[in-house]
Amino acid sequence: MFLLCIVLLTILVSFSCIYLIYEAVLDNKEKYPTLPIIERIGIAIFRHPLSLFIGGFTFLCSWSLLSLLLYHATIVSIAQTTNERVRGVYKSGRAANTADQGCPRNWATAFCSVTPRSKLPNFSTTVHCDASKEIYVREYGESSGLA
């Protein structure tokens, strides 16, 4: 969901900047009716250079983020992890993907199921540094500036 919101936001900013330049071009058409369209666009860009820069930058960002979003939508649809997809675990019928339940159920599983318990150890435990403080005091002495 986060990636989808960021993509939509960058697209909104891009089109807002393009619309601002478009409005400036229309304004220039009223002020300078005899100028060619290219010169009116040039005047609009000259008056709003930051809109061109931000619009171009957010357009490139939205393009990259949209491709990332579509990649993740693809791997959710076929019930694969990024690692399985990159390594090609289920390519060419080598192994059957037992997690694949069809596209709608895969999406329901991804967004509505309970997250399984992690098999990694708990890294959020508190680390006590008393032993390292004793070693430091022994090596450098009490008056070496250690609080």
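Please read all numbers here as calculations on a predicted model, not as lab measurements.

Visitor: Help me get a handle on the overall build of the chain, residues and values and all.
Guide: On a plain count of helices and strands, the chain comes out with six helices and zero strands. Counted over contacts in the chain with a minimum sequence separation of 6, partners at least 24 positions apart contribute 45%. With an accessible surface of roughly 11,800 Å², the chain has 67% of that area assigned to carbon and sulfur atoms.

Visitor: Quick rundown of the packing of helix H1 (residues 2-31) against helix H2 (residues 37-47)? Include the residues and the values.
Guide: How two helices pack is summed up by the angle between their axes together with the distance between the axes. In the contact formed by H1 and H2, the axes pass within 8 Å of each other and the chain directions differ by 125°. As far as their axial angle goes, H2 and H1 are oblique. Once H1 is placed against H2, the crossing between them reads as right-handed. Contacts between H1 and H2 pair Ile-21, Ala-24, Val-25, Asp-27, Asn-28, Lys-29 and Lys-31 from the former with Ile-37, Arg-40, Ile-41, Ile-43, Ala-44, Ile-45 and Arg-47 from the latter. Grouping the amino acids of the contact of H1 with H2 by side-chain chemistry returns eight nonpolar, one polar and five charged.

Visitor: Pulling in residues and values, what's your account of the packing of aromatic side chains?
Guide: Tallied over the entire structure, the rule returns four aromatic pairs. Seen from their ring centres, Tyr-19 and Tyr-22 are 6.4 Å apart, and the 35° between their planes marks the pair as tilted. Placement of both Tyr-19 and Tyr-22 in helix H1 is noted, with a separation of three residues, approximately one turn of the helix. By relative accessible area, Tyr-19 is classed as partly exposed at 49%. With a relative accessible area of 46%, Tyr-22 lands in the partly exposed category.

Visitor: Describe the pattern of salt bridges, naming the residues involved and giving the relevant values.
Guide: In total, this model carries one salt bridge according to the counting rule given. Note that Lys-31 is salt-bridged to Asp-27, the shortest N-O span being 3.5 Å. Note that Lys-31 and Asp-27 are positioned in helix H1 at a spacing of four residues, about one turn of the helix. The exposure class assigned to Lys-31 is partly exposed, which follows from its relative accessible area of 47%.

Visitor: Give me the lowdown on the packing of H1 against helix H3 (residues 49-77), citing residues and values where you can.
Guide: Packing of H1 against H3 brings their axes to within 8 Å, and their N-to-C directions diverge by 150°. Considering the angle they form, H1 stands roughly antiparallel to H3. Once H1 is placed against H3, the crossing between them reads as left-handed. From H1, Leu-3, Leu-4, Ile-6, Val-7, Thr-10, Ile-11, Val-13, Ser-14, Cys-17, Leu-20 and Ile-21 reach across to H3, where they touch Ser-51, Leu-52, Ile-54, Gly-55, Thr-58, Phe-59, Cys-61, Ser-62, Leu-65, Leu-66, Leu-68 and Leu-69.

Visitor: Requested: an account of the layout of surface pockets, with residues and values cited.
Guide: Any space left empty among the atoms is revealed by the rolling of a water-sized probe across them. By volume, the largest pocket amounts to about 260 Å³. Forming the boundary of the largest pocket are Ile-75, Val-76, Ala-79, Gln-80, Thr-81, Ala-99, Gln-101, Asn-106, Thr-109, Ala-110 and Ser-113. Among the elements that line the lining of the largest pocket, the one with the most residues is helix H5 (residues 103-112), at three residues. Its residues assigned to classes, the lining of the largest pocket shows five nonpolar, six polar and no charged. Considered as a void within the structure, the second largest pocket measures approximately 160 Å³ in volume. Taken together, the elements giving at least two residues each to the lining of the second largest pocket come down to H1, H3 and H5.

Rules and cut-offs
- Residues numbered from 1 in each chain as written.
- Predicted model: local features only at pLDDT ≥ 70, side-chain atom pairs only at ≥ 80, totals over all residues.
- Heavy atoms only, no water.
- Helix = DSSP H or I, 4+ residues; strand = E, 2+ residues; numbered from the N terminus.
- Contact = heavy atoms within 4.5 Å.
- Areas by Shrake-Rupley, 256 points an atom, 1.4 Å probe, with all protein chains shown as cover.
- Axes fitted to C-alpha atoms, helices over the stretch in contact; angles between N-to-C directions.
- Parallel < 35°, antiparallel > 145°, perpendicular 65-115°, else oblique.
- Left-handed = near helix turned anticlockwise from the far one by under 90°.
- Nonpolar A, V, L, I, M, F, W, Y, C, P; charged D, E, K, R; others polar.
- Phe/Tyr/Trp six-rings, centres within 6.5 Å; stacked < 30°, edge-to-face > 60°.
- Buried < 20%, exposed > 50% of the residue type's maximum accessible area, 1.4 Å probe, protein only.
- Salt bridge = Lys/Arg side-chain N within 4 Å of Asp/Glu carboxyl O.
- 1 Å grid on protein atoms, 1.4 Å probe; cavity = no way out; pocket = protein on both sides within 12 Å on 5 of 7 lines; lining within 4 Å.
- Points joined across faces, edges and corners; volume = space filled by probe spheres on them.

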